[in-house]
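# Structural description and commentary
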Amino acid sequence: MGLDEDATALVITSVTGLIVFTILWLVFEVVRNKKKNIFLYRKHVAENRPDVRTYKDAPIGYPEPPSASKLGWLSATLRLGDQELIDTVGLDGTMFLSFERMVLRIFVVAGVVSGAVLIPTYATGPNFGTGVLAQISMANRNPGDQLLWIAFIVDIVIVWVTIFLIFHESKRYMRYRRAYRAADNPANYTIVVYDIPEESWSDEAIKAQFEKVYPGQVVAAHRIFKDVPVQKKLVQRLAAIEKRERAEYNCVHNLGERPMHKVGCCAACKGTAPVDSIDYWQAEQDRLTKEVVSDQLEMDPKVFGHTRNAFVVFNSKLAATSAVQSQVFGGPMHWRIQRAGEPKAIHWKGLGVSSIGAGIFKANSIFWLFFFLAFW
């Protein structure tokens, strides 16, 4: 019996995907063993860049390299412990990999059970279905067939396994969440206050308001400015860092020959002498760092403008947690309060959006979500 149109399309799609996967996998296997500075980057940096250290001034850590054999990286990834992952890629990366492992287990269980039980059950039916795919589906069984209870039992098993794995993953997430909140992390001592009225718009006034409720527990209050010029310099600084690292990479792979370049958009036609790329971009990085720090220390509301928002820092995690939870009861000053995120996780431009603007953005998102759900 020949394949019908649907089965032919499925076979073509599957074979095409398998071929593409095989090509990409083989290319990856070849490249990962040759480009260790990419796929073993942390090990490469630890061995070749002793100046790169953690914020605690310790050498950066890295896991043991996986086997060079085919798929050796997969088994090594699945065997990595949580603490080793946290030390290597951070807590966020660890939770993401843990979620992927959970999804992989769910699909493996569903695929094995369905392939071993459901497909044979459907395929041995009286051939009510038309086409190859229909003959290995529930359509190939009589609606009153007792063997359909097998499908019900399989569904119960898959749902039970899924709930069990999600429950287990949730417990793990909550355990690490509690540990994160108990750690001496700057974000655990800090809150963000929104919509501060004009009459209270000063570091001293904001701190005084919280001192009334938490006497002796407020370290400082820092207003948030619309620092667009600083943001531009931060972007330029990141670009300088990237170019310096690229120049260092070229130096290493060119047998120590330091790369050179000419400065300026028309430097070549002006006859300017080339400069050392590593030294030039390192100097640019240092200059921009000093300017950013200087601008942050000398924030002038007349130049930058303010956001009516501020960070408030406490001397204990308990005080910061209490301040965040107090908003449930109306808040000490009826200001909107949230926990502060990690510096790298904060959308700094978003801190300049007022409550009205945030409400408009939120309403717009909800509208389009329901629109696509209803009419897609």
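Above: the structure in question.
Report on the accompanying structure.

Rules behind the numbers
- Residues numbered from 1 in each chain as written.
- Predicted model: local features only at pLDDT ≥ 70, side-chain atom pairs only at ≥ 80, totals over all residues.
- Heavy atoms only, no water.
- Helix = DSSP H or I, 4+ residues; strand = E, 2+ residues; numbered from the N terminus.
- Rg over C-alpha atoms; globule rule 2.2 N^0.38 Å.
- Buried < 20%, exposed > 50% of the residue type's maximum accessible area, 1.4 Å probe, protein only.
- Areas by Shrake-Rupley, 256 points an atom, 1.4 Å probe, with all protein chains shown as cover.
- Lys, Arg positive; Asp, Glu negative; His and termini not counted.
- Charge placed at Lys NZ, Arg CZ, Asp CG, Glu CD.
- Salt bridge = Lys/Arg side-chain N within 4 Å of Asp/Glu carboxyl O.
- Phe/Tyr/Trp six-rings, centres within 6.5 Å; stacked < 30°, edge-to-face > 60°.
- Lys NZ or Arg CZ within 6 Å of the ring centre and 35° of its normal.
- Core = buried A, V, L, I, M, F, W, Y, C linked by side-chain atoms within 4.5 Å.
- Contact = heavy atoms within 4.5 Å.

## Focus: the overall build of the chain
Secondary structure assignment for the chain yields 14 helices and six strands. Against the 2.2 N^0.38 benchmark of 21 Å for 376 residues, the chain shows a C-alpha radius of gyration of 29 Å, more extended than a compact globule. Principal-axis analysis of the C-alpha atoms places the extent of the chain at approximately 80 × 65 × 40 Å. Taking all 376 residues of the chain together, the buried fraction comes to 27%. Taken as a whole, the chain presents about 25,100 Å² of accessible surface, with 65% of it coming from carbon and sulfur. Separation of charge centres in the chain, based on 43 positive and 37 negative side chains, amounts to 2 Å.

## Observations concerning the pattern of salt bridges
Oppositely charged side chains may form a pair once their charged atoms are brought near each other. Inspection of every chain in the model, using the stated rule, returns 14 salt bridges. Between R32 and E29 there is a salt bridge, with its nearest N and O atoms 3.0 Å apart. Within this pair, R32 and its partner E29 are both found in helix 1 (residues 5–34), separated by three residues, close to a single helical turn. For R32, a relative accessible area of 7% puts it in the buried group. In this structure E29 comes out as buried when scored by relative accessible area, which is 2%. Among the salt bridges present, the one from D195 reaches R336, with a minimum N-O distance of 3.7 Å. Highlighted residues: D195 in the loop between strand 1 (190–194) and helix 8 (203–213) and R336 in strand 6 (residues 336–339), separated in sequence by 141 residues. The network of salt bridges with common partners includes K233, E284, R287, E291 and D295.

## Considering the packing of aromatic side chains
This model, assessed by the stated rule, comprises 14 aromatic pairs. Ring centres 5.6 Å apart and planes at 85° place the aromatic pair W149 and F152 in the edge-to-face group. A residue pair is termed a helical-turn pair when its members lie 3 or 4 positions apart in one helix, as W149 and F152 do in helix 7 (residues 148–182) at three residues. Using a relative accessible area of 46% as the deciding quantity, one classes F152 as partly exposed. For R336, the ring lying beneath its charged end belongs to Y194, and the centroid distance is 4.2 Å.

## Structural notes on the nonpolar core
The nonpolar side chains of a soluble globular protein tend to be buried with one another. I191, V193, I196, I206, F210, V312 and F314 are the most contacted members of the largest nonpolar core, which totals 18 residues. Elements supplying a minimum of two residues to this core: strand 1, helix 8, strand 2 (218–225), strand 5 (306–314) and helix 13 (317–325). No other element matches the four residues that helix 13 contributes to this core. Residues contacting V193, with those up to four places away along its chain left out, are F210, R308, N309, A310, V312, W335 and R336. Membership of the second largest hydrophobic core comes to seven residues, among which are Y194, F311, I346 and L351.

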